[in-house]
Amino acid sequence: MATISEQEEIVNLHDAHGKVAPAHNRVIAIPVDASKFSEFAFNWAIKNLVRAETDQIVLLNVRPAATVPKFFAATGTDVSTELDRIQSAYKQQSHELLQSYAAKLAPNKYNIRGVALVGDPREQITLKVEEIHADMLVIGSRGLGAFQKVVLGSVSEYLIQHLNIPVIVPRSNELK
Amino acid sequence: MSATIDQTAPTVPTATTSPTTTAEKNLHEDVVSPHETHSTSNPTRVIAIAVDASKYSEYAFDWAINNLVRAETDQLVILNVRPTATLPAVYGALYIDFSKEFEKIEAANKAESHDLLRAYANKLPHHKYNVRGVALRGDPRDEIAYKVEDVHADMLVIGSRGLGAFKKTFLGSVSDYLVHHLKVPVIVPRPSELDKAI
């Protein structure tokens, strides 16, 4: 069974907010990546959905897990240093992304958490959403690997079909 | 013999149908109009909510009111699409006149649709909420897609499934179509207890 193998809490909470949202508040999960679709979705959520006083926003970013290139594995070349370096870079990128999203909002006003995850985005987001008991999820229509012909990227599509909470996918005609 | 559908909305042309012709495209009736207190208000957002008689619609509607709608500044446009009455094909060949039955079924469907819209609108205090209700007829996918654009809705809320709830999928065919084809966000609230409560 899949579990969350690795995660880091990135965004520091304002002193007034605890990690666990009080029972009557809503937890809104917002997975983000470096695409403009994420930015659009995030802004839409703040403008149309989030209630600053009572919601807790949980930002999520899933970075890829390290994969050893088949070629190197076969010859037994030690690529561990390279892999480590790549992984550190991904990790740093992920953390910076979460921090930059959190920085868009006044910390005194918004209750916001950010969690960095590793692995398959579909799987990790699904697991995390269940763990934090999110009431709803907002996600961009496409991600970085934006194959332009489709309206919905594979991750958003997966989450719409599999999560049993509302999955809100903001989209705009102007965003290409 | 042909049947006439009476119109209440000034912008819709008069339509006539008979058992053999297809439904007029984009036929709609304004069933619920906003209370006069909202006549001067300029809504910042238009939120379309497509409903039918299923419990999924009820859940989606309640979710929207509790989680999304801002009474002071939104306009809600409640939509219901009723099916076009159809006749068994075999009788068509024998040329039996079913127009009276057809009219009766059409009238019943229309009354049901209007009652449903009014029932939904009545859940909300009219002074507080700016609500419109529009009855549509035909294929729900096309009609809803058309109307959402026609009213310049900023987003659509719709139940995860409808009356023909085939339980193996999370999303019914209409919601699924709209999620993939509309240019505005489509919000599909679904009960988290899966289908136990419904």
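Above this text you will find the structure in question.
This is a predicted model, so every value here is computed, not measured. (Residues numbered from 1 in each chain as written. Chains lettered and ligands numbered in written order. Predicted model: local features only at pLDDT ≥ 70, side-chain atom pairs only at ≥ 80, totals over all residues. Heavy atoms only, no water.)

## Quick word on the overall build of chain B
We count it as follows: Here a strand is any run of E in DSSP of at least two residues, a helix any run of H or I of at least four, and the numbering for each starts at the N terminus. Relative accessibility under 20% of the residue-type maximum defines a buried residue, over 50% an exposed one, and the middle range a partly exposed one, all with a 1.4 Å probe and only protein chains included. By definition, residues are in contact when any of their heavy atoms lie within 4.5 Å. All accessible areas in this document rest on Shrake-Rupley with a 1.4 Å probe, and a residue is counted as covered only by the protein chains that are shown.
Scanning chain B from N- to C-terminus turns up five helices and eight strands. A total of 198 residues make up chain B; the buried ones form 47% of that total. Partitioning the contacts of chain B with sequence separation of at least 6, the portion at a separation of at least 24 is 76%. Working note: accessible area of chain B is about 10,200 Å², and carbon and sulfur atoms make up 55% of it.

## A look at the interface of chain B and chain A
The following threshold applies: Summed over both partners, the accessible surface that disappears when two parts come together, traced with a 1.4 Å probe, is what is meant by buried area. The salt bridge definition used is simple: a Lys or Arg side-chain nitrogen within 4 Å of an Asp or Glu carboxyl oxygen. The definition of a polar contact used here is a pair of N or O atoms within 3.5 Å, where within protein one atom must be able to donate a hydrogen and the other to accept one, and adjacent residues in sequence count solely through side-chain atom pairs. The classification used treats Ala, Val, Leu, Ile, Met, Phe, Trp, Tyr, Cys and Pro as nonpolar, Asp, Glu, Lys and Arg as charged, and all other residues, Gly among them, as polar.
With 25 residues of chain B at the contact, the number on the chain A side is 24 residues. Both faces combined, the contact of chain B with chain A buries some 2,000 Å², and carbon together with sulfur accounts for 48% of it. Counting across the interface, chain B meets chain A through zero salt bridges. One can count twelve residue pairs in polar contact (both at pLDDT 80 or more) joining chain B with chain A. With four residues, the single largest contributor to the side of chain B that touches chain A is helix 5 (residues 173–181) of chain B. Considering only residue class, the side of chain B that touches chain A consists of 16 nonpolar, four polar and five charged.

## Brief notes about the pairing of strand 4 (residues 111–118) of chain A
Residues and elements named next belong to chain A. Heads up, the rule is: Strands are treated as partners if at least two bridges between them are detected by DSSP.
Judged by how many residues are buried, strand 4 sits mostly within the fold: eight of eight residues are covered. Every second residue of strand 4 is oriented toward a common face, with Asn 111, Arg 113, Val 115 and Leu 117 on one face and Ile 112, Gly 114, Ala 116 and Val 118 on the other, all of them buried. Note: strand 1 (residues 7–9) against strand 4, three bridges, orientation antiparallel. The partner of Glu 8 across the bridge, within strand 4, is Ala 116. Looking at chain direction, strand 3 (residues 55–63) and strand 4 are connected through eight bridges and run parallel. By the bridge assignment, Arg 63 is partnered in strand 4 with Val 118.

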